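Each chain is listed here by its residues.
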Amino acid sequence: MKIKGKSYQTIWLKENDAYTVQIIDQRWLPHQFVIEDITSSQAMGIAIKDMHLRGAPCIGAAAAYGMYLAAVEAPQDDFQTYLAQRATYLNQTRPTAVDLSNAIRSISKKLIACKSQKEAVAICLNFAIEACKESVEHCRLIGQHGLEIVKSLHAKNPNQPVNILTHCNAGWMACVDYGTATSPIYAAHDAGIPVHVWVDETRPRNQGARITAFELLEHGVPHTVIPDNVGGHLMQHGMVDMVIVGSDRTTRTGDVANKIGTYLKALAAKDNQVPFYVALPHSSFDWTIRDGVKEIPIEKRGSKEVSYIQGKTKTGEIQEVLLTPEESPALNYAFDVTPAHLVTGIITERGICKANEKDILELFPEYI
Ligand code: MRU
């Protein structure tokens with residue numbers, strides 16, 4: 001997607017420097033656009049953990065490039081031991097988004113028969129490049145399938161924009177390109193269907209207010225940022241036609257882990273008969289589990305993310321300020337699980353299905 005008219009993806013290999021990976025450092029958005037050079041697997045792990053980049057498919061891609069950098073660093077004699085250690089290190093950086101462990105598992109499988117460090121470098125680089133290409137195509141296809149839902153909502157009420165509520169940032173910054181939840185929104189906007197997006201600010205890190213709003217603004221999509229607790233009221237007053245969110249891990253039965261607060265939106269949507277869709281590529285499925293509430297590991301982050309808030313001062317500096325009494329404890333669960341029965345449908349690269357094991361596996365029969 002474009003920023004100030006120039007096309008970007010969230011992660012790429014630096015031009016004329018095969019040993020440097022570049023990322024958009026999302027910590028400074030929307031006020032500063034910073035590109036960070038990453039030259040070691042250690043630095044990539046820090047970038048994932050400290051959320052220089054974030055979003056499930058994006059950190060899957062970052063893990064793949066992290067393994068590439070690890071292969072470059074690996075000693076020639078004992079490269080397999082080094083790569084296994086680095087896989088473990090990268091794998092523990094963020095526990096909920098399954099794209100990360102799915103990418104590391106796939107790359108580790110490809111490395112089993114590898115005979116030399118040089119070959120490992122080639123395998124990892126090829127994997128990272130192809131995984132990014134595949135992720136972009138999957139997100140594009142999610143947009144095309146989701147577009148049909150937006151079209152049908154618009155046909156019911158052709159004189160109004162379709163009002164879509166989204167939570168957190170499941171946009172192109174959370175992926176390699178296009179986004180998951182935002183891909184149908186961009187596709188509809190580009191097809192001339194009037195859409196308007198309610199952007200949940202998404203405390204505590206405000207990925208909606210900072211990143212989704214920035215993306216939509218850059219693409220010219222009409223939107224309004226709302227505090228997290230406004231959605232239910234809007235739904236009660238007929239101001240939301242559909243909700244679309246992304247997912248960090250979805251079980252084979254259709255339970256969805258996504259940014260904390262998603263569950264409350266799903267409850268409000270159910271109570272108001274507002275369709276609640278989840279958009280995700282197959283890299284965000286965890287095929288090994290059935291009960292999302294019991295089995296999905298929920299990341300707990302530092303309490304400072306709750307007690308401090310970041311913004312731009314009147315003099316243009318980015319600063320963090322303390323929001324709560326210094327002595328008040330704060331709790332920071334990063335994700336929650338929306339049970340399948342609250343989900344109207346899942347939008348994937350292969351089409352749309354109901355959130356249950358039978359319908360999901362009809363689209364993905366290789367995981368039966
Ligand atoms: O903690 P984050 O910012 O990585 O959480 C991201 C989300 O919850 C997104 O909504 C999610 O990854 C959806 S996938 C594009």
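What counts and what doesn't
Residues numbered from 1 in each chain as written. Predicted model: local features only at pLDDT ≥ 70, side-chain atom pairs only at ≥ 80, totals over all residues. Heavy atoms only, no water. Core = buried A, V, L, I, M, F, W, Y, C linked by side-chain atoms within 4.5 Å. Buried < 20%, exposed > 50% of the residue type's maximum accessible area, 1.4 Å probe, protein only. Helix = DSSP H or I, 4+ residues; strand = E, 2+ residues; numbered from the N terminus. Contact = heavy atoms within 4.5 Å. Domains from an automatic or database assignment. Buried area = accessible area lost by both parts, 1.4 Å probe. Salt bridge = Lys/Arg side-chain N within 4 Å of Asp/Glu carboxyl O. Polar contact = N/O pair within 3.5 Å; in protein donor to acceptor, adjacent residues only side chain to side chain. Nonpolar A, V, L, I, M, F, W, Y, C, P; charged D, E, K, R; others polar. Near = heavy atom within 4 Å. Areas by Shrake-Rupley, 256 points an atom, 1.4 Å probe, with all protein chains shown as cover.

Engineer: Describe the nonpolar core, listing the residues and the values that go with them.
Structural biologist: Generally speaking, soluble globular proteins have nonpolar side chains that are buried together. Counting 43 residues, the largest nonpolar core has Ile-11, Met-44 and Tyr-65 as the members making the most contacts within it. Elements that contribute at least two residues to this core include exactly β4 (21–25), α1 (41–49), α2 (56–73), α3 (79–91), α4 (98–111) and α5 (117–156). In terms of residue count, the dominant contributor to this core is α2 (13 residues). Ignoring sequence-local partners within four residues, the contact set of Tyr-65 consists of Ile-11, Leu-13, Val-21, Met-44, Leu-125, Ala-128, Ile-129 and Cys-132. Formed by 34 residues, the second largest nonpolar core is a distinct cluster that contains Ile-24, Trp-172, Ile-185 and Ile-347.

Engineer: A description of the domain arrangement of the protein should follow, citing residues and the corresponding values.
Structural biologist: Domain annotation of the protein identifies domain 1 (2–134) and domain 2 (142–367). For domain 1 and domain 2, the distance between their C-alpha centres works out to 25 Å. Of the residues lining the interface, 32 residues belong to domain 1; the matching set on domain 2 comes to 34 residues. Interface area for domain 1 against domain 2, summed over the two sides, is near 2,900 Å², with a carbon-plus-sulfur share of 54%. Remark: the boundary between domain 1 and domain 2 carries two salt bridges. Its salt-bridge partner being Glu-299, residue Arg-94 comes within 2.9 Å of it at the nearest N-O pair. Taken together, the connections running from domain 1 to domain 2 amount to 21 residue pairs in polar contact (both at pLDDT 80 or more). The greatest single-element share of the side of domain 1 that touches domain 2, amounting to four residues, is contributed by α2. Counted by class, the side of domain 1 that touches domain 2 contains 15 nonpolar, eight polar and nine charged residues.

Engineer: Can you explain the site of the ligand? Please cite residues and give values.
Structural biologist: Taken together, 19 residues surround the ligand, and among them Arg-54, Arg-94, Gln-207, Asp-248 and Lys-259 come closest. Gly-55 is positioned with one of its backbone polar atoms (N or O) 3.0 Å from an oxygen atom of the ligand. At 2.8 Å from an oxygen atom of the ligand is found a side-chain nitrogen or oxygen belonging to Arg-94. Starting from 410 Å² of accessible surface for the ligand in isolation, the protein chains cover 99%. Where the shell around the ligand is concerned, the elements lending two or more residues are α2 and β11 (256–259). When grouped by side-chain class, the residues that make up the shell around the ligand number eight nonpolar, seven polar and four charged. Split by domain, the shell around the ligand shows at least three residues from each of two domains, domain 1 (2–134) and domain 2 (142–367).

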